[in-house]
Each structure stands twice: as C-alpha cells, then as structure tokens.
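Coordinates in review
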Amino acid sequence: MQNTNQIPGSIRYKATKYKYQKSSFVEMFDVLQSLRKDEVFCDVKLKTDDGKIINGHKVVLASASEYFHAMFTHFEEKNQDLVVIKQLDSSTLQFLIDFIYSGEIIVTEENVEFLLAAANLLQFQEVKEACCDFLLAQLCPKNSIGINALADLHSCTKLLTSSKLYIQEHFSKVVEEEEFLSLSLEQVLKWISSDEINVPAEDNVFECVIRWVKHDLGPRKCILPQLMEHVRLPLTTKNYILKNVIEEPLLKDCLKCNNYLIEALHFHMLNSDDRITVKQNSRTKPRKHYVFDKVILVVGGDGCSTEWYDPKISRWNIGPGMITRRDAIGIGVVNDNFVFAVGGFNISPLKCVEVLNLSSESPCWKPTVDMLVKRQLLGVGVINNHVYAVGGFDGVSTLSSAEVFDYRTKEWRMISNMSTSRSGVGVGVMNDLLYAVGGYDSYLRLSSVECYHPSLDKWTPIAEMHVRRSCAGVGVLGGVMYAVGGHDGSQVHRSVEAYKPCAGNWMTVADMHLCRRNAGVVALDGLLYVIGGNDGSTDLDSVEIYNPITDTWTMISASMNSARNFAGVAAINRPQHFKT
C-alpha cells in the first residue's frame with residue numbers, strides 16, 4: 001500500500017545547529033586493532049633493535065604521535081614501508097602501538113621506566129602523563145630521589161617539581177635510604193645547601209653527610225670539607241657539638257673542618273642578643289622550613305606561671321615561670337625563638353617587658369627594655385620582627401597611643417596614635433598590616449576596627465564588626481581574621497566574626513560552646529584555638545578549637561592545669577629544652 005502522506009514542499013526550520021558526537025570509540029578501536037592484526041591496509045613495518053617487526057598504518061600512527069606525524073610527512077620514512085626504531089625494545093614499542101589501537105595501557109612497577117622513556121622519545125604525551133601520575137602516586141622516602149632523577153631525565157615538569165618538593169618536605173627520612181648514598185657530590189651539595197629542606201634540626205644534615213662519606217670512604221673523605229661548608233653547625237646545640245661533632249673521627253684530622261667547629265663554638269659563646277645582631281653567613285642562617293613541631297605557650301592569667309600544650313598527645317605541661325607576676329599582658333614572638341611578655345598589671349599597670357629565649361639550653365625569662373608607656377589590657381602584634389604594643393590602660397586613662405620595639409636596636413619608639421582610645425583591644429596581623437579590633441574607650445564597648453600601615457605610619461578605619469566587643473580574642477588563620485567572644489558591657493559573647501581583607505566586611509561564623517572574654521586565641525595546624533578566659537562569672541581552664549572548613553567548634557578533653565583569665569598565648573616551635 002502506498003504512503004499517501006505528503007511532505008510539504010518547503011519546510012521552515014529555526015536557525016540553529018545540532019551537534020552529534022559519538023559517545024564511544026570502543027567499536028572503532030576494535031576495528032582498527034583487527035585490521036592491524038590481520039595486516040589489512042597496513043603500510044608500514046616498525047623494526048626494533050632486537051629485530052622484531054610490528055605492523056601498523058601510517059595514518060593511524062601519525063594521528064597519535066607527533067613523532068610519527070613528522071616522520072611520515074616530512075622525512076624520508078614517508079616513502080618507506082620498513083622503518084627502524086632505535087633505542088627501543090619490541091615489548092615496549094608493542095605496548096605503545098597497542099595503546100594507539102586500543103586506547104588503553106597498563107602501567108606497572110616493571111614497565112613504567114621503559115614506558116616513560118619510550119613515550120618521551122616518541123612524543124606520546126598521554127602515556128607520558130600516565131607514567132608520571134603512576135610515579136607520583138608511588139612517591140616515598142625509598143624512591144623519591146630516583147623518581148626525581150627520572151623526571152629530570154625525561155623532562156617531566158610536574159613530576160620533577162612534585163618529587164623535589166617531596167624530598168624537601170621529607171628530607172630527614174629520604175637521607176636514611178640507600179638512594180641517598182648513591183648520589184654524586186654535586187647532588188648532595190645541591191640538597192644540603194638548600195634553604196628549603198625540612199629537617200627537625202641541623203643534626204640531621206650533619207649525620208647524613210657523615211653517612212654519605214663513610215659509604216665510600218676512600219674517594220669521599222677528601223671532599224668532606226666541601227660538604228661541611230654547607231652544614232649549619234652553629235644552629236645545632238652546643239651539647240650536640242661537644243658530644244657528637246667533636247668526637248667524630250673524620251673531623252679530627254681535617255683542619256678545614258675544625259675551622260667550622262671553632263666557628264660554631266664561637267657562635268654559642270655569644271649571648272642571645274648578640275646572635276641576633278651578628279652578621280649572618282650561610283651557616284648561621286636558619287633554613288626556611290625546619291620541620292618544627294608547634295606547641296601552644298600560655299603565659300600569665302593566674303600570676304607568673306606558664307604552661308604549654310602539646311597537640312600531638314593533647315597534654316598540658318608546666319613551662320618556665322616569669323619574673324614578675326602579671327596579667328592582661330601582650331605576647332609576641334620574634335625570629336621564631338624569642339617570646340616577649342609585654343606590659344600587663346600587677347596591682348598597677350606595668351611597662352616592663354620580659355623575654356624568653358626558646359633556643360637556650362636552660363630557657364628562662366629575662367628582663368629586657370621597658371616600654372615608654374605603662375600598659376595593661378593592651379594588644380600586641382609582630383611584623384618583620386618588630387613588636388607593636390597598642391592601646392591599653394595606664395592606670396589613669398584609656399590609651400590611643402601605640403609604640404614599637406626594634407629588637408636589633410633594643411629601642412622602643414612611639415608611632416602614630418589610633419583614632420580611638422582602646423583598652424581591652426584585640427590585635428591581629430595580616431599581610432604585614434596591624435589591625436586593632438574593638439576595645440573600650442572609657443564610655444562604650446567598640447565595634448570599630450582600624451588598620452595600621454607601618455610604611456605610612458598611618459591608621460585607617462575599616463569595616464565595623466556586627467557586635468560591640470571589648471576584651472575579644474583575635475586570631476588570624478588562613479588569611480582570615482577572627483574576633484572571638486568579648487563583652488559589650490552587659491553580656492559576655494560566645495559569638496564569633498570573621499574578616500577577609502579581599503571582601504572588606506565582617507561575617508558571622510558558628511558560635512563557640514562557651515561565652516568567653518579575655519580568652520587567648522592562636523592559630524595552629526589549620527585550626528583556631530581559644531584558651532581560657534572568663535564566662536562572666538568564672539575563670540575558665542577549658543579550650544575549644546574552630547575548624548573553618550566545617551564551621552564547627554570542638555571542646556578538647558585536656559584542660560589547662562590552671563584556670564586562666566587575661567592570659568597571653570602564642571604558637572611556638574617545640575622547645576628542645578622544655579621539661580615535660
């Protein structure tokens with residue numbers, strides 16, 4: 001029966017396009033693989049160094065590899081049906097040709113090095129990246145040096161960078177493995193002279209040098225001075241030098257090495273003040289990324305005692321007591337080793353300052369230069385190793401003044417006044433700028449915030465907080481400044497606000513579990529710790545932590561040894577000589 005439906009003579013369509021894309025190329029791969037195996041339409045034979053022949057189609061090979069594309073379009077091989085591929089064995093080439101015709105390749109520990117070399121030679125970028133991804137996932141202290149060398153040999157930029165960073169980050173473990181012992185002198189010098197290697201202490205660098213030399217003592221003994229030039233012996237402890245370095249037999253008969261020993265011992269004869277001002281050389285300059293375990297030091301808040309928290313084992317330990325009983329102090333850390341306890345009050349406001357040298361073999365608080373102004377309930381921040389003391393109360397007036405201490409010159413000097421008097425002010429440092437947050441001006445609790453530019457000696461107002469906060473804790477974590485708790489004159493807050501300079505405003509985040517004023521706040525390992533304080537009626541010994549990723553607060557189980565109100569807190573490198 002004939003279809004009598006009529007198709008209109010002129011159908012009108014909208015001006016558009018519909019693109020169809022084949023969703024799977026499996027069928028195409030199957031056909032190509034079948035054609036190759038049956039030698040149908042094959043127009044080239046690839047011969048490897050071991051004499052084996054692999055068939056293929058020039059157009060297919062050229063579509064998958066820039067190497068083959070250039071070969072079959074610009075060079076004499078375009079007119080040849082037998083092409084010799086040098087530097088490759090047949091099994092490796094077979095893997096690559098199978099990949100072209102199947103779209104799949106299996107990378108294993110046994111074939112990855114051969115595949116990477118072949119993929120780099122024949123310009124199979126996808127296979128090269130697959131090999132690099134495989135090696136990247138395999139990185140560990142045992143193989144990182146070898147993988148780094150492979151990446152360098154085959155110009156694998158991403159893998160080269162990643163393996164280098166891995167070696168730097170895990171240097172103290174990498175040097176314990178056999179790979180390290182096979183490095184050349186130039187390679188060892190490259191690593192131990194780097195500022196970027198992460199080591200718990202310079203002891204590790206000294207020990208890996210001695211181990212490397214002893215592994216092949218004959219030819220390596222004479223180059224020990226070249227290596228010792230890059231070991232930062234002055235940064236080890238005097239005790240370690242006397243017990244380990246001086247007693248090392250390899251150094252006893254080496255005049256140049258003994259000069260480095262004398263330099264280190266002379267450095268340890270200097271007092272802590274002179275060490276800061278002495279001209280640095282490559283051996284007295286700290287590496288950028290020593291792997292220090294961080295702990296939290298809490299100072300004052302119940303007199304002159306201190307204690308420190310070890311987050312690894314969630315335990316509080318007693319620290320060295322201050323000379324002067326004081327509360328409502330400010331705390332700042334200079335050069336990672338010097339903790340300053342600034343001002344505070346003991347019956348009346350203080351202008352005295354104490355410093356704790358964490359690198360000392362017997363750490364204790366010592367007096368240093370007094371401030372120019374008595375200050376309690378002040379804020380303290382550190383920028384480029386300058387200690388700033390901001391606002392506070394002098395016993396008569398709420399202060400708008402601020403001053404800065406230069407540790408190198410041992411001098412305090414006044415800087416520009418804030419626009420507002422602030423006692424109970426919180427201070428945060430971001431991007432080398434100092435922020436004075438909230439406080440009390442003798443009449444009102446404040447929501448205002450101002451920012452100090454050291455290069456301009458100028459204070460500038462920024463966005464106000466949503467809530468008036470005096471005696472709030474302030475901490476900076478991940479480029480965000482947090483104002484925690486405080487009180488507004490009638491109630492103590494458990495609310496928290498966060499300020500991002502790029503946004504230019506404050507936003508509310510999750511509330512704490514407890515109301516807190518006068519709490520210490522410090523950032524450590526991606527978390528914000530809020531320590532002690534007062535809930536409006538009781539001094540607190542509890543600690544809670546904020547996770548910015550989940551926007552949640554968690555109480556930690558370990559309470560301080562003492563309830564502390566108006567304490568100063570700081571994250572410090574784990575002191576080697578603190579007693580536990």
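Residues numbered from 1 in each chain as written. Predicted model: local features only at pLDDT ≥ 70, side-chain atom pairs only at ≥ 80, totals over all residues. Heavy atoms only, no water.

Re the overall build of the protein
- Secondary structure summary: the protein contains 18 helices and 29 strands in total.
- Across its three principal directions, the C-alpha atoms of the protein cover 100 × 95 × 45 Å.
- For the protein, the proportion of its 580 residues judged to be buried stands at 48%.
- Contacts in the protein between residues at least 24 apart in sequence constitute 54% of all its contacts with a sequence separation of at least 6.
- In the form shown here, the protein has an accessible surface area of approximately 29,100 Å², with 51% of it arising from carbon and sulfur atoms.
- Side chains of the protein carry 58 positive and 67 negative charges; the gap between the two charge centres is 4 Å. (Helix = DSSP H or I, 4+ residues; strand = E, 2+ residues; numbered from the N terminus. Buried < 20%, exposed > 50% of the residue type's maximum accessible area, 1.4 Å probe, protein only. Contact = heavy atoms within 4.5 Å. Areas by Shrake-Rupley, 256 points an atom, 1.4 Å probe, with all protein chains shown as cover. Lys, Arg positive; Asp, Glu negative; His and termini not counted. Charge placed at Lys NZ, Arg CZ, Asp CG, Glu CD.)

A closer look at the sheet that holds strand E28 (residues 552-555)
- Sheet architecture is open: four strands sit in the order E25-E26-E27-E28, paired in antiparallel fashion. Here the strands that pair on one side only, and so sit at the sheet edges, are strand E25 (520-524) and E28. Each adjacent strand pair in this sheet contributes to an overall mean axis angle of 25 degrees, direction not counted.
- Bridge count for strand E26 (residues 527-531) against strand E27 (residues 543-547) is four bridges, and the pairing is antiparallel. Within E27, the residue paired with tyrosine 529 across the bridge is isoleucine 545. (Pairing = 2+ DSSP bridges. Axes fitted to C-alpha atoms, helices over the stretch in contact; angles between N-to-C directions.)

Considering the environment of tyrosine 240
- Along the chain, the position of tyrosine 240 falls in helix H15 (residues 238-245).
- Once you skip the residues sitting within four places of it in the chain, tyrosine 240 turns out to touch Asp203, Phe206, Glu207 and Val245.

Focus: the side chain of glutamate 307
- Summarising the element assignment, glutamate 307 is placed in strand E5 (residues 306-310).
- Under the relative-accessibility criterion, glutamate 307 is labelled buried at 0%.
- Within polar-contact distance, the side chain of glutamate 307 engages the backbone nitrogen of asparagine 561 at 2.9 Å.
- Here glutamate 307 is in contact with Ile296, Leu297, Val298, Trp316, Asn317, Ile318, Gly319, Met560, Asn561, Ser562 and Arg564, once residues within four sequence places are set aside. (Polar contact = N/O pair within 3.5 Å; in protein donor to acceptor, adjacent residues only side chain to side chain.)

What about the pairing of E25?
- Counting buried positions along E25 gives four out of five residues, so the element sits mostly inside the fold.
- Of the pairings in the sheet, the one linking E25 to E26 comprises five bridges and is antiparallel in character. The residue of E26 that forms the bridge with valine 521 is valine 530.
- Linking E25 back to E26 in an antiparallel pair, the connection comprises two residues, with aspartate 525 at a positive phi of about 55 degrees.

Concerning the pattern of salt bridges
- All told, the structure shown has 15 salt bridges when counted by the stated rule.
- A salt bridge links glutamate 178 to arginine 211; its shortest N-O distance comes to 3.9 Å. Of this pair, glutamate 178 sits in helix H10 (residues 178-181) while arginine 211 sits in helix H12 (residues 203-215), and the two are 33 residues apart along the sequence.
- Ionic pairing is found between arginine 564 and glutamate 307, a salt bridge with its closest N-O pair at 2.9 Å. With a gap of 257 residues between them, arginine 564 in the loop between E28 and strand E29 (568-573) and glutamate 307 in strand E5 connect regions that are remote in the sequence.
- Owing to a relative accessible area of 2%, arginine 564 belongs among the buried residues under this scheme.
- Connected through salt bridges with shared partners, the residues Asp195, Arg232 and Lys285 form a single ionic network. (Salt bridge = Lys/Arg side-chain N within 4 Å of Asp/Glu carboxyl O.)

Section: the sheet that holds strand E23 (residues 496-500)
- With antiparallel pairing, four strands are arranged side by side in an open sheet as E21-E22-E23-E24. Whereas interior strands pair on both sides, the edge strands pair on one side only; in this sheet they are strand E21 (473-477) and strand E24 (505-509). On average, each strand axis in the sheet is tilted by 25 degrees relative to the strand beside it, whichever way the strands run.
- Inspection of the sheet shows E23 paired to E24 by five bridges, in the antiparallel sense. Each bridged residue has a counterpart across the sheet, and for alanine 498 the counterpart in E24 is methionine 507.

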